[in-house]
Every structure is written in structure tokens, then in C-alpha cells.
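Reading the structure
In case you want the letters, here they are:
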There are 2 protein chains.
Amino acid sequence: LKHLIDSHITIVGLGLMGGSLGGALRGQCQSVAGVSRKAETIEAAMACGLVDWGTTELAEGVRQADMVVLAGPVRVIGRQLAEIGPLLKEGCVVFDLGSTKARVVKHMDALPPHVQAIGGHPMCGKETSGIRAADPELYRGRSFILCPALRTSPSSLGLALELVQAIGATPLIIEPERQDFLVATLSHLPYMLACALVSTADATTSPDPMAWKIVAGGFRDTSRVSASDVTMMLDILMTNQANVRDAVNACITHLQSLVRLVEAGDEEALRAALTKIRATRLEMFP
Amino acid sequence: LKHLIDSHITIVGLGLMGGSLGGALRGQCQSVAGVSRKAETIEAAMACGLVDWGTTELAEGVRQADMVVLAGPVRVIGRQLAEIGPLLKEGCVVFDLGSTKARVVKHMDALPPHVQAIGGHPMCGKETSGIRAADPELYRGRSFILCPALRTSPSSLGLALELVQAIGATPLIIEPERQDFLVATLSHLPYMLACALVSTADATTSPDPMAWKIVAGGFRDTSRVSASDVTMMLDILMTNQANVRDAVNACITHLQSLVRLVEAGDEEALRAALTKIRATRLEMFP
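Attention in this report is confined to the structure presented alongside it. (Residues numbered from 1 in each chain as written. Chains lettered and ligands numbered in written order. Predicted model: local features only at pLDDT ≥ 70, side-chain atom pairs only at ≥ 80, totals over all residues. Heavy atoms only, no water.)

So, the overall build of chain A
Helices and strands together make up the secondary structure of chain A, namely 12 helices and 8 strands. Counting only C-alpha atoms and orienting by the principal axes, one finds that chain A spans roughly 65 × 40 × 30 Å. Classification of the 286 residues of chain A by burial places 58% in the buried group. Within chain A, counting contacts between residues at least 6 apart in sequence, those at least 24 apart form 69% of the total. Accessible surface, chain A: about 10900 Å² in total, of which carbon and sulfur atoms supply 52%. When the 26 positive and 29 negative side-chain charges of chain A are each reduced to one mean point, those points stand 1 Å apart. (Helix = DSSP H or I, 4+ residues; strand = E, 2+ residues; numbered from the N terminus. Buried < 20%, exposed > 50% of the residue type's maximum accessible area, 1.4 Å probe, protein only. Contact = heavy atoms within 4.5 Å. Areas by Shrake-Rupley, 256 points an atom, 1.4 Å probe, with all protein chains shown as cover. Lys, Arg positive; Asp, Glu negative; His and termini not counted. Charge placed at Lys NZ, Arg CZ, Asp CG, Glu CD.)

Remarks on the relation of the copies chain B and chain A
Two chain copies, one operation linking them: a rotation about an axis together with a shift along it. Turning chain B through 180 degrees and shifting it by 0.0 Å along the axis lays it on chain A, with an RMSD of 0.0 Å. Such a combination of rotation and displacement between the chain copies is what one expects of a two-fold axis. For chain B, the minimum C-alpha distance to the rotation axis belongs to Thr222 of chain B and amounts to 2.0 Å. Of the residues that chain B buries at the interface, 100% are likewise interface residues in chain A, meaning the two copies contact each other through the same surface. (Least-squares fit on C-alpha atoms with pLDDT ≥ 70 in both.)

Examining the sheet that holds strand S7 (residues 143-148) of chain B
Residues and elements named next belong to chain B. In spatial order, the strands read S3-S2-S1-S4-S5-S6-S7-S8; together these 8 strands make up an open sheet with mixed pairing. A single partner strand is all that each edge strand has here, and the edge strands are strand S3 (53-55) and strand S8 (170-173). Along the sheet, successive strands turn relative to each other by an average axial angle of 25 degrees, direction set aside. Along the sheet, helix H4 (residues 74-84) makes contact with strand S1 (8-12), strand S4 (67-70) and strand S5 (93-96), crossing S4 at roughly 150 degrees. (Pairing = 2+ DSSP bridges. Axes fitted to C-alpha atoms, helices over the stretch in contact; angles between N-to-C directions.)

Topic: the packing of helix H4 (residues 74-84) of chain A against helix H10 (residues 230-238) of chain A
Residues and elements named next belong to chain A. For the pair H4 and H10, interaxial distance at closest approach is 7 Å and the crossing angle is 75 degrees. The angle between H4 and H10 places the two elements in the roughly perpendicular class. Residues Val74, Arg75 and Val76 of H4 form the contact with H10, whose participating residues are Leu234, Asp235, Ile236 and Met238. (Parallel < 35°, antiparallel > 145°, perpendicular 65-115°, else oblique.)

Concerning empty space enclosed by the protein
On inspection of all chains with the given rule, the structure shows 1 cavity of 30 Å³ or more. Put simply, the largest cavity is a space of about 30 Å³. What lines the largest cavity is simply Leu186 and Met284 of chain A together with Thr205, Ser206, Ala211, Trp212 and Val215 of chain B. (1 Å grid on protein atoms, 1.4 Å probe; cavity = no way out; pocket = protein on both sides within 12 Å on 5 of 7 lines; lining within 4 Å. Points joined across faces, edges and corners; volume = space filled by probe spheres on them.)

Some points on the interface of chain B and chain A
On the chain A side, the residues contacting the 90 residues of chain B number 90 residues. Summed over both sides, the interface between chain B and chain A buries roughly 8700 Å², with carbon and sulfur atoms accounting for 72% of that surface. Counting the contacts that link chain B with chain A gives 10 salt bridges. Notably, a salt bridge pairs Glu267 of chain B with Arg75 of chain A, separated by 2.6 Å at the nearest N-O pair. Our count for the chain B to chain A interface comes out at 26 residue pairs in polar contact (both at pLDDT 80 or more). Looking at the side of chain B that touches chain A, the elements with two or more residues in it are S7, S8, helix H7 (176-204), helix H8 (209-214), helix H9 (217-223), helix H10 (230-238), helix H11 (241-264) and helix H12 (267-284) of chain B. (Buried area = accessible area lost by both parts, 1.4 Å probe. Salt bridge = Lys/Arg side-chain N within 4 Å of Asp/Glu carboxyl O. Polar contact = N/O pair within 3.5 Å; in protein donor to acceptor, adjacent residues only side chain to side chain.)

Re the packing of aromatic side chains
Summed over the entire model, instances satisfying the criterion amount to 6 aromatic pairs over all chains. For the ring pair Phe95 of chain B and Phe144 of chain B, a centre distance of 5.8 Å and an interplane angle of 15 degrees mean the geometry is stacked. Separated by 49 residues along the polypeptide, Phe95 of chain B in strand S5 and Phe144 of chain B in strand S7 bring together distant segments of the chain. Summarising the burial analysis for this pair, Phe95 of chain B and Phe144 of chain B share the class buried. One aromatic cluster in this structure is built from Phe95, Tyr139 and Phe144 of chain A. (Phe/Tyr/Trp six-rings, centres within 6.5 Å; stacked < 30°, edge-to-face > 60°.)

Thoughts on the environment of Leu14 of chain B
Residue and element names in this part refer to chain B. If you trace the backbone, Leu14 turns up in the loop between S1 and helix H1 (16-25). Exposure remark for Leu14: the relative accessible area of 6% places this residue in the buried category. Once the C-alpha coordinates of Leu14 and Trp53 are considered, the two residues, 39 residues apart in sequence, prove to be 12 Å apart. Among residues more than four places away in sequence, those in contact with Leu14 are Gly19, Gly34, Val35, Ser36, Thr41, Ile42, Ala45, Val51 and Ile131.

Some words on the side chain of Ser228 of chain A
Within the secondary structure layout, Ser228 of chain A lies in the loop between helix H9 (217-223) and H10. The buried category is assigned to Ser228 of chain A, whose relative accessible area is 8%. Excluding anything up to four places from it in sequence, Ser228 of chain A contacts Glu127, Tyr191 and Met233 of chain A together with Arg278 of chain B.

A closer look at helix H6 (residues 154-166) of chain A
Residues and elements named next belong to chain A. The first and last C-alpha atoms of H6 sit 18 Å apart over 13 residues, in line with the 18 Å expected at 1.5 Å per residue. Listed as buried for H6 are Ser156, Leu159, Ala160, Leu163, Val164 and Ala166. When H6 is viewed along its axis, its buried side chains cluster within an angular range of 170 degrees and face the same direction. For H6, exposure combined with an orientation more than 90 degrees from the buried face picks out Pro154 and Gln165. Gly168 lies just past H6 and shows a positive phi near 85 degrees. (Expected span 1.5 Å × (residues − 1). Arc of directions from axis to C-beta.)

Regarding the environment of Thr205 of chain B
Relative to the helices and strands, Thr205 of chain B resides in the loop between H7 and H8. When its relative accessible area of 1% is taken as the criterion, Thr205 of chain B is described as buried. It is 32 Å that separates the C-alpha atoms of Thr205 of chain B and Asn240 of chain B, two residues lying 35 residues apart in sequence. Beyond its immediate chain neighbours, meaning those up to four positions away, Thr205 of chain B contacts Phe181, Leu182, Thr185 and Leu186 of chain A together with Thr200 and Ala211 of chain B.

Brief notes about the packing of helix H7 (residues 176-204) of chain A against H7 of chain B
For the pair H7 of chain A and H7 of chain B, interaxial distance at closest approach is 10 Å and the crossing angle is 165 degrees. Between H7 of chain A and H7 of chain B, the angle is such that the two are roughly antiparallel. Between H7 of chain A and H7 of chain B lies a crossing whose hand is right-handed. Only Phe181, Thr185, Leu186, Leu189, Pro190, Leu193, Leu197, Thr200, Ala201 and Thr204 of chain B of H7 of chain B make contact with H7 of chain A, whose side of the interface consists of Phe181, Thr185, Leu186, Leu189, Pro190, Leu193, Leu197, Thr200, Ala201 and Thr204 of chain A. Each residue belonging to the contact of H7 of chain A with H7 of chain B can be placed in one class, and the counts come to 14 nonpolar, 6 polar and no charged. (Left-handed = near helix turned anticlockwise from the far one by under 90°. Nonpolar A, V, L, I, M, F, W, Y, C, P; charged D, E, K, R; others polar.)

Shown next, in the form of C-alpha cells:
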């Protein structure tokens with residue numbers, strides 16, 4: 001049985017999520033290494049105390065690792081899972097931070113037998129990206145989804161649980177398909193709505209210079225996630241197409257029924273709907 | 001010419017907006033009075049130092065006022081404008097804080113000739129309401145729309161400008177119809193989207209107890225304004241029906257074209273759209 005405190009951990013991809021994880025893990029394991037395509041990213045990560053050492057060479061970075069965490073965009077994780085197997089030592093546990101899990105976990109099941117794997121998805125983020133935005137406190141108090149693959153051993157699950165708890169997050173074990181269905185509505189739909197809002201304002205009110213002066217807190221918050229990293233979001237949407245489509249279509253139906261009540265001036269039904277929605281929101285975020 | 005420093009001001013409606021205005025104005029004018037239907041609201045406003053004195057009687061509260069600020073929901077403002085005229089002294093300036101302006105300003109034009117009037121709409125708020133949420137700093141740094149009525153004198157506009165500057169806000173003068181068109185997209189559409197998001201999640205993912213645990217920052221921010229006061233929002237939507245309908249329909253079109261790109265897997269077009277949206281959002285909120 002392997003424990004976090006005895007483990008050498010390598011994080012592949014030093015963006016916001018990978019960099020923050022490094023900072024949160026340092027001192028709670030044997031070492032934290034970072035792999036990035038760019039030497040300057042590694043220098044920045046070391047300067048900020050987020051990793052103990054780093055390399056631009058994937059093979060060198062993962063060779064001695066007890067645990068490898070893939071922290072790039074989802075489809076990059078897929079490609080890395082297809083090539084990383086032979087580079088890893090016996091018993092190494094591969095983990096990831098990708099936002100969609102069905103495809104990643106399928107790739108994990110195809111790893112060579114001497115390697116272990118488990119999928120992960122931390123429920124946090126920021127609209128800023130990159131190593132400069134990294135924050136070792138990013139994961140504290142947040143939920144962290146774990147999706148065991150068919151072949152995940154109890155010992156590998158145990159190591160992932162230790163990691164999640166070490167960074168102050170709360171682990172939740174969910175099947176990959178169920179997680180992809182849930183995050184389509186809870187994460188990807190908010191992104192699509194934020195994008196549609198900005199796109200609508202850009203097309204209708206932005207030509208009026210006054211619009212830019214009166215845009216207020218409601219618009220700012222509702223549109224915040226539209227500033228998310230595009231490559232990351234593109235990978236997420238492209239690996240969860242059917243669920244995203246269903247969530248958006250369901251939302252359009254709800255939007256249409258609300259606007260019909262506004263148009264018809266059906267105050268009683270509109271008040272009932274808005275009151276129920278407000279109560280649900282307050283229950284979700286007390 | 002009347003100045004703020006010489007004025008007795010009466011605020012009718014001591015909720016979040018009215019209470020905050022009182023706190024921001026005290027000490028910058030002769031006196032701030034509050035009118036509320038409930039004696040306990042007046043007591044709370046006085047205990048918090050938001051008004052100098054208060055009354056549950058509208059006639060008593062406004063009799064000596066140099067300026068009356070109507071701070072209730074928009075349709076309540078409409079009813080009050082219809083009855084308040086005879087209660088006011090010669091030269092009194094009636095002002096309001098309602099979120100839609102075309103109807104309010106039309107009511108203002110119907111006031112008796114001894115009374116002046118100008119419409120106002122501060123671009124701020126909170127999802128909490130009531131006197132307990134009042135904050136004298138609420139208006140600082142925010143835009144504050146002024147909509148002169150046909151009969152608004154330069155002196156009344158000047159007094160309204162002094163008030164806006166005294167509370168730390170930036171005045172913007174806009175025609176009422178243009179303001180209602182702009183806020184439909186910039187304020188009311190975000191509310192409708194936030195409501196549709198919560199409603200969708202409630203219908204599709206909420207039956208899964210795991211959903212409540214993984215709901216994260218993106219959902220929280222995108223849905224925040226759905227917790228707004230229902231009576232206030234109902235009045236806003238009901239006095240801006242056509243603009244709200246048009247804004248929601250435009251947004252549905254944008255949403256559908258984004259989801260079509262996701263469904264079709266048209267990455268090049270989707271990346272271009274999301275990149276443009278992200279740049280617009282960053283330009284709006286640098």
C-alpha cells in the first residue's frame with residue numbers, strides 16, 4: 001500500500017490547475033515535479049514554489065514518479081494516456097484533472113497492466129488561466145470528483161483520496177457517465193449561457209456607447225465564465241457533446257416558458273415560477 | 001436654485017435601495033426622512049443611522065420635503081406618482097430609483113404644475129433585499145442613470161446630479177425608452193438566464209443528490225441574480241415586456257447557433273466564436 005507522504009508526484013501541464021495542485025501538495029509528499037512544454041513555465045512554477053523541480057521532457061519527468069497527474073485540457077489528457085504507459089514504472093498511479101470523464105476513463109482502461117489509473121475532476125476554477133494565476137488554496141473546501149476505472153485497485157483509490165484530502169478538498173466518487181451528465185448542466189450550461197449573453201449584448205446593445213457604461217453587477221456575474229480559457233472549454237464541449245446539447249435544449253425550453261409568461265402578462269404564474277426558482281437557488285447556496 | 005445641502009429629503013420605501021440612499025445622504029443635506037408602511041422598518045432605519053426620522057404616513061413624510069425619492073418597486077412608484085402631487089409643497093422635486101423608466105417618466109409628466117420631477121435608475125443592487133441589507137456604500141463607483149421628463153427644469157436636473165455625486169455614483173443622462181431597451185439586455189436578460197439555469201438544474205439534475213455537492217463557482221455566479229427579490233423583478237419585467245421578450249429571443253438564437261456548432265463538432269467555427277466572446281467579455285470587464 002502506497003501513501004502520499006512516501007510518493008514522488010509528477011504533474012504534467014503547469015497551468016492554473018496543475019500549478020495550484022503542485023503548490024497545495026508540496027511538503028505533503030516526497031517531491032513534486034512539473035512537466036511543461038515551455039522552460040519558462042517551469043521556471044515560473046519553481047520561482048513561485050509550486051514544484052520542487054521540472055522538465056520539458058515528459059519521459060524524464062514521469063520516469064521515477066509514484067503518481068502522475070495529467071493536468072492539461074481533456075483531449076490532451078487523452079493523447080497523453082495513449083503514449084505514457086511504457087514510460088512509467090511498475091505500480092505508478094495515473095491521475096487526471098479533466099472536466100469530462102467518460103472518454104478519459106476509457107483511455108485509462110487501455111493502459112498497460114503494470115500501471116494503475118483513476119480519473120479526477122476538481123470542482124473549481126477561475127476565469128484566469130496559466131501558472132501566474134496558480135493558487136495553492138484553489139482546491140480548499142471544494143468538491144473533487146473521483147471516477148475509478150474498471151481496473152482501479154483499492155490501493156490506487158486510497159492514494160487518490162489521500163491526495164484530495166491533503167489539498168483540502170472533499171472527495172466524491174461518481175461513475176464517469178453520470179458525472180458527465182451532471183456537469184453538462186451544472187458547469188457547461190452556465191458557460192454556454194454566459195457566452196450567449198455576451199454574444200447577444202455584443203450584437204444588440206454594444207453599438208450604443210452608453211451600454212458599456214451601464215453594464216452592472218448582474219451582467220458581470222452572469223457572464224463571468226465566458227472569459228474561461230477557450231482551448232480548455234473547447235475540449236470540454238467536444239468531449240461532452242450530447243449532454244451539452246441536451247442541457248442547452250432543456251434550458252431553452254425553460255427560458256421560453258418564462259418569457260411566454262412575461263409576454264402574456266400572466267403575473268400569477270410568473271410570480272409562482274420566480275418564487276420557486278428563488279427558493280431553489282437559496283437552497284443550493286444558503 | 002436649490003442645492004442638496006439646503007434640502008430636506010424624504011425617501012418613500014425603505015428597502016435595500018432606499019435605506020442605502022438614506023445612509024449615503026445623511027450629513028450631506030438638511031435632513032433625511034423615511035416613509036415606510038411598517039413602523040418596525042422605520043425603527044430599524046433609525047437604529048442603523050440611515051434616516052433622521054420617519055413616519056408611516058406618506059402625507060406627513062413628504063409635506064415639508066424639498067425632494068421626494070420614490071424607492072419602491074416600479075409599479076408602486078407609478079401608483080405613488082398618481083397620488084402624491086397634491087401632498088407636495090411648491091417646487092418640490094420628485095425623483096425615483098425604479099429600474100424601468102418609460103412608464104415612470106410618463107407618470108411624472110402628469111404631476112401638477114407646482115411640482116418638478118426627474119427619473120433615476122442606479123446600476124447596482126444585491127440579491128439580498130430589505131433594510132437589513134442596506135449599505136451606504138452601495139452606490140459608490142456605480143453608474144446612475146438620469147431620465148429627465150419633458151417638464152424637468154435645469155434646476156431640478158442640477159439637484160438630481162448633486163444627489164448622484166454626493167453618494168459617489170457617476171451620472172448618465174439617457175432617454176427613458178433607450179434606457180429600457182439597454183437594461184432589457186444588460187440587466188433583465190441576465191436575470192432571465194439565471195432563472196432558466198436554476199429551473200433547468202432543478203428539473204434535470206436535482207433529483208440526483210450528488211448534483212447538490214458538485215455544483216460549483218460557475219453555476220453559483222451565473223445563477224446569482226435569480227435570488228433577486230421577486231416582487232421587484234416582477235414589476236421590472238411587467239413594465240418592460242416587449243424589450244425583455246426581444247432580448248430573450250435574441251439570446252435564444254445565439255444559444256442555438258453555439259450549440260449547433262458543438263453538435264456538429266465544427267471546432268474551427270466554435271473556437272472563433274468563443275474567442276470573440278471571451279475578448280468582448282474581457283473588454284467589458286478589464
